[in-house]
Amino acid sequence: MTKVLVIADIKDGALKGSTAELVSKAGEIGAETAVAAIGSGVASLTGDLVQAGSSTQYIADDPGLELFSAGPYAACVVDAARQFGADMIWFGFSESGKTLAPRVAARLDAACVSEIIDVKLKGDQVEVTRPAIANKVLQQVKINTGSLVAVVRAGAFEAGEDVSGTENVVQLSPPETDARAVIQEIISDAEGEIDLTDANIVISVGRGVKDQDGVNLVKELAHDLQAGLGASRAMVDGGFMPHNTQVGQTGKIVAPSLYMAVGISGAIQHLAGMSGSKYILAVNKDPEAPIFNVADYGIVGDLFEVVPILREEIKKVRNQ
Ligand SMILES: Cc1cc2nc3c(=O)[nH]c(=O)nc-3n(C[C@H](O)[C@H](O)[C@H](O)COP(=O)(O)OP(=O)(O)OC[C@H]3O[C@@H](n4cnc5c(N)ncnc54)[C@H](O)[C@@H]3O)c2cc1C
């Protein structure tokens, strides 16, 4: 039986939804699934890991692992993969996942593929699918080594309902400190803001909002819906939005339940970052704007009129 080791995505001490999505997909392809959780205080997440559907939980819980550091974290993943006899190791689409995957693959002499959106088992053969060239093509990649390390694109898989695993905890020994690079502190410039890659709703502003007043108008809508506020590159380059809010090929890849593009034309580089969203709603005054080609719902109109109406209507629905 194929064995898949999923590396848990943990943020601020909580398990992110992507972990259950990866575990569900592993179950769907008929694999035995283990999860590795690495950090400080992560043993308390064991129940969540079981509930996500895993049959074994590898736990590396050590105060020295409080801050992410590639060397020690990779050592823990390799240890768990060897003990489990993993054929595949799957990371979620996080900065740490993207950093660790090539390191782990090199140590295990495994193939490494990033941004996968599908996995198929054909007998012993593993085949993965990934978008390339800003989503213009899909590549089918046949894996010719015995093992694969993959980074799964955000929103590629769905978490199953009513899944649950079995508790079988294996404690990993804390790895030696990597003295070559020691992370002392992580300084966040987005304190208190909703993380775009986690948000259930993302509302992005484009050049159509014109200036800071336009950004603030849309920000109020985002606040009403507890949505993350993203931006097109035009807004970032123009100095209206911080760099970490850029969605697209050279920004973040997001896959929320609802993505609202407000005053965004829908350039291919922008679509590369949001086309995996479940529902897309676009507000644009130009009925020919390419964003409408990918939108599930479109509002053709002036955003300065549409956004206040949307806020009013949302308020009415909430008060019913
Ligand atoms: C190598 C490379 C990488 C790139 N990476 C990215 C990336 O990661 N992310 C990204 O976003 N872009 C990226 N770009 C830039 C991209 O090509 C576009 O230039 C950019 O996305 C355009 O941003 P925009 O849609 O906000 O602006 P525009 O294309 O100018 O569109 C503005 C839209 O607003 C509408 N509008 C104007 N006024 C109103 C109004 N009052 N009400 C309603 N609608 C209105 C207009 O009809 C128009 O469709 C990249 C480009 C290159 C070359």
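Residues numbered from 1 in each chain as written. Predicted model: local features only at pLDDT ≥ 70, side-chain atom pairs only at ≥ 80, totals over all residues.

## A look at the domain arrangement of the protein chain
Stage number 1. Looking at the assigned domains, one finds that the protein chain contains domain 1 (3-171) and domain 2 (201-319).
Stage number 2. If you average the C-alpha positions of domain 1 and of domain 2, the two centres end up 31 Å apart.
Stage number 3. Residue-level contacts link six residues of domain 1 with ten residues of domain 2.
Stage number 4. Residue classes in the side of domain 1 that touches domain 2 are distributed as three nonpolar, two polar and one charged. (Domains from an automatic or database assignment. Contact = placed C-beta atoms within 7 Å. Nonpolar A, V, L, I, M, F, W, Y, C, P; charged D, E, K, R; others polar.)

## A few points about the sheet that holds strand S8 (residues 118-122)
Stage number 1. Read from one edge of the open sheet, three strands run S8-S9-S10, paired in antiparallel fashion. The open sheet has two edge strands, S8 and strand S10 (137-143), and neither has a second partner. Direction aside, the axes of adjacent strands within the sheet are offset by 25 degrees on average.
Stage number 2. Here S8 runs beside strand S9 (residues 125-132); their pairing, made up of five bridges, is antiparallel. The partner of Lys-122 across the bridge, within S9, is Gln-125. (Pairing = 2+ DSSP bridges. Helix = DSSP H or I, 4+ residues; strand = E, 2+ residues; numbered from the N terminus. Axes fitted to C-alpha atoms, helices over the stretch in contact; angles between N-to-C directions.)

## Observations regarding the site of the ligand
Stage number 1. If you check the shell around the ligand, you find 28 residues, and the closest are Gly-206, Gly-208, Ser-232, Arg-233 and Gly-248.
Stage number 2. For the shell around the ligand, the secondary-structure elements that each account for two or more residues are helix H6 (233-237), helix H7 (268-274), strand S16 (279-284) and helix H9 (303-319).
Stage number 3. Taken together, the residues that form the shell around the ligand break down as nine nonpolar, 14 polar and five charged. (Near = placed C-beta within 6 Å.)

## A word on the packing of helix H3 (residues 70-84) against helix H4 (residues 95-108)
A pair of packed helices is captured by two measures, namely the crossing angle of their axes and the spacing between those axes.
Stage number 1. For the pair H3 and H4, interaxial distance at closest approach is 9 Å and the crossing angle is 55 degrees. One way to sum up the angle between H3 and H4 is to call them oblique. Considering only the axes of H3 and H4, their crossing is right-handed. Here Ala-70, Tyr-73, Ala-74, Val-77, Val-78 and Ala-81 of H3 lie close against H4, whose contacting residues are Ser-96, Thr-99, Leu-100, Arg-103, Val-104, Arg-107 and Leu-108.
Stage number 2. Here the residues of the contact of H3 with H4 are counted per class, giving nine nonpolar, two polar and two charged. (Parallel < 35°, antiparallel > 145°, perpendicular 65-115°, else oblique. Left-handed = near helix turned anticlockwise from the far one by under 90°.)

## Re the nonpolar core
Stage number 1. Core analysis: the largest hydrophobic core is formed by 96 residues, its most contacted members being Ala-36, Val-77 and Val-262.
Stage number 2. For this core, the element with the most residues is H3, which contributes eight residues.
Stage number 3. Two domains share this core, each providing at least three of its residues, namely domain 1 (3-171) and domain 2 (201-319).
Stage number 4. If sequence neighbours within four positions are ignored, Val-262 has contacts with Ile-203, Ser-204, Val-205, Gly-206, Gly-208, Val-209, Val-218, Val-283, Leu-303 and Val-307. (Core = buried A, V, L, I, M, F, W, Y, C linked by C-beta atoms within 7 Å. Buried ≥ 20, exposed ≤ 12 C-beta atoms within 10 Å, placed from the backbone.)

## Thoughts on the environment of Ala-110
Stage number 1. Examined against the element boundaries, Ala-110 turns out to sit in the loop between H4 and strand S7 (111-116).
Stage number 2. Each C-alpha atom, one on Ala-110 and one on Ile-89, is 9.6 Å from the other, the two residues being 21 residues apart in sequence.

## A short note on the packing of helix H5 (residues 212-224) against H9
Stage number 1. The geometry of H5 relative to H9 is characterised by a closest axis approach of 10 Å and an angle of 20 degrees between their N-to-C directions. When the axis of H5 is compared with that of H9, the two are roughly parallel. Between H5 and H9 lies a crossing of left-handed hand. The residues of H9 that touch H5, namely those facing Leu-217, Val-218, Glu-220, Leu-221 and Asp-224, are Phe-304, Val-307, Leu-310, Arg-311 and Ile-314.
Stage number 2. Class assignment for the residues of the contact of H5 with H9 results in seven nonpolar, no polar and three charged.

## Concerning the sheet that holds S16
Stage number 1. In space, the five strands of this open sheet follow the order S14-S13-S15-S16-S17, with parallel pairing throughout. Each of the sheet's edge strands pairs with one partner strand only, and the pair in question is strand S14 (228-231) and strand S17 (297-300). Neighbouring strand axes in the sheet, compared pairwise and without regard to direction, differ in orientation by 15 degrees on average.
Stage number 2. H5 contacts strand S13 (201-205), S14 and strand S15 (258-262) of the sheet and is inclined by roughly 175 degrees relative to S13.

## Considerations on unusual backbone geometry
Stage number 1. Located in the positive-phi region is Asp-109, a residue other than glycine, with phi close to 55 degrees.
Stage number 2. With respect to the helices and strands, Asp-109 occurs in the loop between H4 and S7.
Stage number 3. Take Asp-109: there are 9 C-beta atoms within 10 Å of it, and that puts it in the exposed class.
Stage number 4. For Gln-226, which is not glycine, the phi dihedral falls at a positive 50 degrees.
Stage number 5. Topologically, Gln-226 is positioned in the loop between H5 and S14.

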